[in-house]
Amino acid sequence: MKRKKILFVCTGNTCRSPMAEAILRTKIKRNKIRWWDVSSCGIHAEVGGTISVNSKIALQDVGISVENFKPRQLTQKLIESSTIVICMTESQKTMLEACGNVYCIKDMCGYDVPDPYGCNLDAYKVTRDAISRACDIIIKNYITTYKDTE
């Protein structure tokens, strides 16, 4: 089976999309789903930076390590090589939807994922939990049911 790719997109690729990447990767591994890869990038990525400290702590609190994460800039090539592109907000989707195969968390779960950037750790935990719920829905409604139309 040809590998499929999910690309999570947020603004800087330091908070939400890296958390989504790490959480979904952990969940698909736990569910022994081997035909999907997960990555993330930012519309205005902080290339050369790192995942935000509070994102890292929020993930560590649930047993997920992101030691080697490096932010990446969104490119047309990344979009084209992805089966599904998932933005954190509807406004990000609007910016990218002409590229095709672009969704947002709200399409899948009914809510945008707010940006916790600059907020306290509790805000990052709320964001992590919202992403975790979204990842469960993505696995149930998209990953396990996705039919290759190629």
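Quick summary incoming for the structure in this document. Here the structure is a predicted model, which is why all the values come from computation and not from measurement.

1. Let's talk about the overall build of the chain
Turning to step 1, where the next piece is worked out: Each helix and strand in the chain was counted, giving six helices and four strands.
Turning to step 2, where the next piece is worked out: In the chain, the succession of α and β elements from N to C terminus is β-α-β-α-α-β-α-β-α-α.
Turning to step 3, where the next piece is worked out: A compact globule built from 150 residues should have a C-alpha radius of gyration of about 15 Å, and the chain, at 14 Å, falls within 12% of that.
Turning to step 4, where the next piece is worked out: With the principal axes as the frame, the chain shows a C-alpha extent of 45 × 30 × 30 Å.
Turning to step 5, where the next piece is worked out: With an accessible surface of roughly 7700 Å², the chain has 51% of that area assigned to carbon and sulfur atoms.
Turning to step 6, where the next piece is worked out: The positive charge centre, built from 22 side chains, and the negative charge centre, built from 16, are 7 Å apart in the chain.

2. Description of the nonpolar core
Turning to step 1, where the next piece is worked out: Judged by nonpolar contacts, the single largest core of 33 residues is most densely connected at Ile-6, Phe-8, Leu-24, Ile-105, Ile-138 and Ile-143.
Turning to step 2, where the next piece is worked out: Put simply, the parts of the chain that give this core at least two residues each are strand E1 (4–10), helix H1 (16–30), strand E2 (36–42), helix H2 (53–60), strand E3 (84–87), helix H5 (105–109) and helix H6 (121–143).
Turning to step 3, where the next piece is worked out: Of the residues forming this core, the biggest block, seven residues, is contributed by H6.
Turning to step 4, where the next piece is worked out: Ignoring any residue separated from it by four or fewer positions in sequence, one finds Leu-24 in contact with Ile-6, Phe-8, Val-38, Cys-135, Ile-138, Ile-139 and Ile-143.
Turning to step 5, where the next piece is worked out: One finds Val-9, Leu-74, Ile-79 and Cys-104 within the second-largest nonpolar core, a separate group that totals twelve residues.

3. Looking at the pattern of salt bridges
Turning to step 1, where the next piece is worked out: Tallied over the full model, the rule gives nine salt bridges.
Turning to step 2, where the next piece is worked out: Notably, a salt bridge pairs Asp-61 with Lys-125, separated by 3.3 Å at the nearest N-O pair. One end of the pair, Asp-61, is in the loop between H2 and helix H3 (76–80); the other, Lys-125, is in helix H6, and 64 residues separate them in sequence.
Turning to step 3, where the next piece is worked out: Look at Asp-61 and you get partly exposed, because its relative accessible area is 45%.
Turning to step 4, where the next piece is worked out: Lys-93 is paired through a salt bridge with Asp-107; the nearest N and O atoms lie 3.0 Å apart. Here the residue Lys-93 occupies a position in helix H4 (residues 90–96), and Asp-107 occupies one in helix H5, the gap between them amounting to 14 residues.
Turning to step 5, where the next piece is worked out: Its relative accessible area of 16% is what places Lys-93 among the buried residues.
Turning to step 6, where the next piece is worked out: When its relative accessible area of 35% is taken as the criterion, Asp-107 is described as partly exposed.

Cut-offs used in this document
- Residues numbered from 1 in each chain as written.
- Predicted model: local features only at pLDDT ≥ 70, side-chain atom pairs only at ≥ 80, totals over all residues.
- Heavy atoms only, no water.
- Helix = DSSP H or I, 4+ residues; strand = E, 2+ residues; numbered from the N terminus.
- Rg over C-alpha atoms; globule rule 2.2 N^0.38 Å.
- Areas by Shrake-Rupley, 256 points an atom, 1.4 Å probe, with all protein chains shown as cover.
- Lys, Arg positive; Asp, Glu negative; His and termini not counted.
- Charge placed at Lys NZ, Arg CZ, Asp CG, Glu CD.
- Core = buried A, V, L, I, M, F, W, Y, C linked by side-chain atoms within 4.5 Å.
- Buried < 20%, exposed > 50% of the residue type's maximum accessible area, 1.4 Å probe, protein only.
- Contact = heavy atoms within 4.5 Å.
- Salt bridge = Lys/Arg side-chain N within 4 Å of Asp/Glu carboxyl O.

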